[in-house]
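Single-letter residue listing:
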Amino acid sequence: MEALVSSATSAQLGTTYTREHRAISELCRRVRSVAEISSLLAVPLGVTRALVADMEADGLVRVYQPQLEAGPTGRGLLERVLSGLRRL
């Protein structure tokens, strides 16, 4: 959810890709979190994660995982997620 995503290509995706893939590619010309992409597209987070994973496997986006000091459920992570949700 906190991973950052950027587009790996400057070209627009063609019609061989789904509408969601094209929208994610356009949104990620500016680095965005998976949660932000989910919110902007009004798509459930799980669906967004799957779409981004497929796009990463195809080389369409780059995904940057955050460094977690206290493990996946640490207080720092929860504070960053809360802060990101407030910005939305």
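The paragraphs below set out a description of the structure included in this document. (Residues numbered from 1 in each chain as written. Predicted model: local features only at pLDDT ≥ 70, side-chain atom pairs only at ≥ 80, totals over all residues. Heavy atoms only, no water.)

Looking only at helices and strands, one finds four helices and three strands in the chain. Counting helices and strands in the order they occur from the N terminus, the chain gives β-α-β-α-α-β-α. Burial statistics for the chain: of 88 residues in total, 34% are counted as buried. Counting only contacts in the chain whose residues sit at least 6 apart along the sequence, the fraction spanning at least 24 positions is 58%. Entry remark: accessible area of the chain is about 5,800 Å², with carbon and sulfur atoms responsible for 54%. (Helix = DSSP H or I, 4+ residues; strand = E, 2+ residues; numbered from the N terminus. Buried < 20%, exposed > 50% of the residue type's maximum accessible area, 1.4 Å probe, protein only. Contact = heavy atoms within 4.5 Å. Areas by Shrake-Rupley, 256 points an atom, 1.4 Å probe, with all protein chains shown as cover.)

Let us now look at a nonpolar patch on the surface. There is a patch of nonpolar side chains on the surface, built from Leu 4, Val 31 and Tyr 64 and spanning about 260 Å² of accessible area. Structurally, the position occupied by Val 31 is in the loop between helix H1 (19-27) and strand E2 (32-33). (Patch = residues over 30% accessible without salt bridge, like charges linked within 9 Å, V, L, I, M, F, W, Y side chains within 5 Å. Salt bridge = Lys/Arg side-chain N within 4 Å of Asp/Glu carboxyl O.)

Side-chain positions along a regular strand alternate between the two faces of the sheet. Note: strand E1 (residues 4-7) against E2, two bridges, orientation antiparallel. Of the residues in E2, the one forming a bridge with Val 5 is Arg 32. As paired elements, E1 and strand E3 (residues 61-64) share four bridges and run antiparallel to each other. Pairing of Ser 6 across the sheet is with Arg 62, part of E3. (Pairing = 2+ DSSP bridges.)

When its relative accessible area of 44% is taken as the criterion, Val 31 is described as partly exposed. Once the C-alpha coordinates of Val 31 and Leu 4 are considered, the two residues, 27 residues apart in sequence, prove to be 6.3 Å apart.

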